[in-house]
Amino acid sequence: MNPDSQADLADPVFLSSLRSQMLKFAILHLQDDSAAEDAVQEALAGALKNARSFEQRSAIKTWVFGILKNKITDTLRQRQREAAFSSLDADSDADLEALFTKRGHWQRHERPVAWAQPLEDLHSAQFWLVFEACLHGLPDQQARVFTMREFLEMDSVEICDVLKMTTSNLHVVLYRARLRLRECLENTWFLEGEKPC
Amino acid sequence: MLNCRGVTQLLSESLDRELSLSDRMNLKIHVMMCSGCRNFGRHMKVLREASSRYAVGEVPTQEEQSRTGERNA
């Protein structure tokens, strides 16, 4: 347990991998490359200034992502003028309707199965590649709302305020995002390589 | 009576707001009988846990994982 934070931030491999993770994260939220670059730059500058107070890579990473989240939230708040949240994107969700029968029951082959050891999978780098791919597969609006809620941990009132949407719209968009993500994870990760017994 | 579509929506909403007592009761009854929706509810929790780790960057990269692997080997 000796990793030295200064060595870490001086380690170009660690720094560049951290930077690219942050950038990806910021772009996902801000949908704007240069605003994302700015946020990452500021967060990293803050981290480098205070590097001495951190003892482990994970602590640095958590802390830097914390700063980044704040920067992103600020930017989102400043974007009040942003295009009003357009009406629900029903067309792109036709595939979600197909999960259920007309009477609202699961289609037999779409019924969610039990996932084996999902929490252990969170330690697998491959799992996160799948997770990110599924995230990037969300329609833009759903991705934006989902990340505000789950990554930035903004509450419903804040999100509705920033995006100018109603609470019930918000709930529907979150539901669709989760439905889609769950489906994607199950199909591309949890069912992959598992044999039915 | 709630169908699976309604139940899954409520399971999602329960992550964002306090459900009413009758919603909670209806959920409980449905989930008891329906393994698909029961699994769905568990998956919502996994999604939330995964998201909160992702948000703070607690995600091993392949490069980090192979390094740990070598160390443990």
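Position numbers for residues start from 1 in each chain and track the written sequence from start to end. For this description, chains carry letters from A and ligands carry numbers from 1, given in the order in which they are written. In keeping with the predicted nature of the model, local features appear solely for residues at pLDDT of at least 70, side-chain atom pairs appear and are counted solely at 80 or more, and the whole-chain, interface and lining totals rest on all residues. Side-chain calculation: all heavy atoms of the structure are included, whereas hydrogens and water are not.

Would you explain helix H9 (residues 156-163) of chain A in this entry?
All names here are of chain A. Exposure is judged per residue with a 1.4 Å probe applied to protein chains only, and the accessible area is read against the type maximum: over 50% gives exposed, under 20% gives buried, and values in between give partly exposed. Secondary structure follows DSSP: runs of H or I at least 4 residues long count as helices, runs of E at least 2 residues long count as strands, and numbering of each begins at the N terminus. Among the residues making up H9, those that are buried are Ser-156, Ile-159, Cys-160, Val-162 and Leu-163. Angular distribution of buried residues about the axis of H9 spans 165°; they occupy a single face of the element. Just beyond H9, the residue with positive phi is Lys-164, at close to 55°. Throughout, the arc means that of the directions going from the helix axis to the C-beta atoms.

Just checking my understanding: could you explain the interface of chain A and chain B for this structure?
In many analyses, interface size is given as the accessible surface area lost on bringing the parts together. Chain A puts 49 residues into the contact, and the matching count from chain B is 38 residues. Two parts placed together each lose some accessible area; with a 1.4 Å probe, that loss summed over both constitutes the buried area. Between chain A and chain B lies a buried interface of about 3900 Å² when both sides are counted; carbon and sulfur atoms form 59% of it. Considering only the side of chain A, the residues that lose the most area to chain B are A:Trp128, A:Tyr175 and A:Arg178, jointly responsible for 16% of the buried surface there. For this analysis, a salt bridge means a side-chain nitrogen from Lys or Arg found within 4 Å of a carboxyl oxygen belonging to Asp or Glu. If you look at where chain A meets chain B, you find 4 salt bridges. Ionic pairing is found between B:Arg5 and A:Glu97, a salt bridge with its closest N-O pair at 2.7 Å. Breaking the side of chain A that touches chain B down by element, the ones donating at least two residues are helix H2 (12-30), helix H4 (57-78), helix H6 (118-121), helix H7 (125-136), helix H8 (140-150) and helix H10 (167-190) of chain A. The greatest single-element share of the side of chain A that touches chain B, amounting to 10 residues, is contributed by H10(A). Note that Gly is not counted as nonpolar here; it falls among the polar residues with everything else outside the nonpolar set of Ala, Val, Leu, Ile, Met, Phe, Trp, Tyr, Cys and Pro and the charged set of Asp, Glu, Lys and Arg. In the side of chain A that touches chain B, the residues fall into 26 nonpolar, 10 polar and 13 charged. Here a residue-residue contact requires only that any non-hydrogen atoms of the pair lie within 4.5 Å.

In short, shape yes, function no, at least from these values alone.
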